[in-house]
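Structure assessment
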Amino acid sequence: TKVTWEDLRALDEAAAFPQLENLRLAHNGLSEGIPVMTTPDGASAGPFPRLRSLVLDGNGISDWRVLQRAIQTFPKLEQLHLNSNQLGEALEGLADVAADQTPRRLTALFLNENRLSSWRAVGALSAYAVLELKAQKNPITEGDSPLASPMLLRQVFIALMPTLLRLNASEVTVKERTAAERYVLGLAAQGGSKMIEALSEACDIPGHVERLRAVHGEVVGGEVTEEAQASRSALMHSLVQVELRPVGAAIVDQPVATKRLPHTMTVAELKRLCQSLFKQVPFDRLRLQLADSSLPFGIPLDDDGRELGFYGVGDGAEIRVDDAQDASKCGAAGRGQ
């Protein structure tokens with residue numbers, strides 16, 4: 001729609017949406033994200049005082065100070081969606097934003113498909129305390145030579161962010177946090193880790209070590225290479241309970257299937273399982289989506305080679321099983337009208 005903030009302020013001044021709590025402004029060319037909005041006397045004054053969720057996906061935003069402007073402009077904001085932007089190309093401003101102690105209600109930050117490409121960026125971001133974070137499909141885990149696996153990145157975020165309750169749409173369990181914290185503590189204690197050195201450039205690793213040591217005690221020597229690696233292995237192969245919900249026209253009447261699956265199962269393997277459960281849909285027509293309350297259509301599991309852990313499939317997740325033929329029929333019907 002290419003709506004501008006001037007348009008939105010005019011609507012707010014006209015009391016067009018006095019109860020507005022959710023606002024979607026994706027793909028509007030708002031590269032600044034949120035401008036500084038003040039009254040003539042210099043006080044912050046944003047529109048829509050009840051706003052709780054703001055979507056700014058795909059606007060070319062690269063300035064981390066958009067986080068500060070968001071909480072200044074919308075004091076009741078709880079969720080900020082910044083997917084598919086350019087955050088991470090530069091880190092200027094992120095340290096200041098993380099250090100800002102201004103009280104805020106913003107506790108959920110969504111950064112899928114941005115430009116996070118280094119451990120330094122991860123360290124800087126980890127200092128921004130939130131309860132929920134999404135940071136998938138960033139260069140650090142993508143491409144032919146990714147710097148980290150999605151599972152390793154997940155462990156680092158969990159270890160460095162003690163307030164984090166949900167990561168990539170999956171709950172952070174006590175067992176997972178313990179394994180992640182002991183792994184990172186062990187690496188830091190052992191010394192010589194390039195990952196730890198890079199993280200140290202942007203976050204307080206000695207402070208994290210002190211915090212984790214108070215919880216887990218000393219982790220030294222062989223424990224780093226054996227126990228910590230065993231913890232990682234156990235985590236990667238732990239099972240999660242998911243619901244496979246048939247939504248395709250040919251299978252919608254079939255009951256939901258509840259299964260316990262490993263994080264390391266690939267999308268292709270899950271498709272084969274679904275085809276054995278919902279036989280009316282051929283394998284090549286199966287389409288899977290991870291239900292996500294923050295997105296109207298969920299997250300497509302569209303890379304057959306990816307593991308479920310990459311998409312943040314956790315305990316209690318719902319995966320919708322659809323038939324690609326349904327979409328093609330709808331498209332044909334629309335063209336025939």
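Residues numbered from 1 in each chain as written. Predicted model: local features only at pLDDT ≥ 70, side-chain atom pairs only at ≥ 80, totals over all residues. Heavy atoms only, no water.

Thoughts on the pattern of salt bridges
- All told, the structure shown has 18 salt bridges when counted by the stated rule.
- The partner of Arg 65 in a salt bridge is Asp 63, and the shortest N-O contact between them spans 3.5 Å.
- Notably, a salt bridge pairs Glu 201 with Arg 120, separated by 4.0 Å at the nearest N-O pair. Of this pair, Glu 201 sits in the loop between helix 7 (194-200) and helix 8 (205-216) while Arg 120 sits in helix 4 (residues 119-126); the two residues are 81 residues apart in sequence, bridging distant segments of the chain.
- With relative accessibility at 57%, the residue Glu 201 sits in the exposed group.
- A single salt-bridge network, built from bridges that share partners, covers Glu 243, Arg 245, Glu 318 and Arg 320. (Salt bridge = Lys/Arg side-chain N within 4 Å of Asp/Glu carboxyl O. Helix = DSSP H or I, 4+ residues; strand = E, 2+ residues; numbered from the N terminus. Buried < 20%, exposed > 50% of the residue type's maximum accessible area, 1.4 Å probe, protein only.)

Comments concerning the environment of Asn 112
- One can find Asn 112 in the loop between strand 4 (108-110) and helix 4.
- The class for Asn 112 is buried, based on a relative accessible area of 15%.
- A sequence separation of 26 residues divides Asn 112 from Asn 138, and the C-alpha atoms of the two residues are 6.6 Å apart.
- Ignoring sequence-local partners within four residues, the contact set of Asn 112 consists of Asn 83, Ser 84, Lys 134, Ala 135, Gln 136, Asn 138 and Asn 168. (Contact = heavy atoms within 4.5 Å.)

Here we look at the sheet that holds strand 9 (residues 257-262)
- Read across the sheet, five strands follow the order 9-8-12-10-11 without closing on themselves; strand pairing throughout is mixed. Strands with a single pairing partner mark the edges of an open sheet, and in this sheet they are strand 9 and strand 11 (299-300).
- In terms of strand pairing, strand 8 (residues 239-246) meets strand 9 through six bridges, oriented antiparallel. Looking across to strand 9, one finds that Gln 241 is bridged to Arg 260.
- Those strands touched by helix 10 (residues 267-277) are strand 8, strand 9, strand 10 (286-290) and strand 12 (317-323), and its axis lies near 115 degrees from that of strand 10. (Pairing = 2+ DSSP bridges. Axes fitted to C-alpha atoms, helices over the stretch in contact; angles between N-to-C directions.)

Quick notes on the confidence of the model for the protein chain
- Here the protein chain averages 86 in pLDDT, while 88% of its residues score no lower than 70.
- Low pLDDT, under 50, characterises residues 221-228; the predicted model gives this stretch 12 contacts beyond four residues in sequence or across chains. (pLDDT = per-residue confidence, 0-100.)

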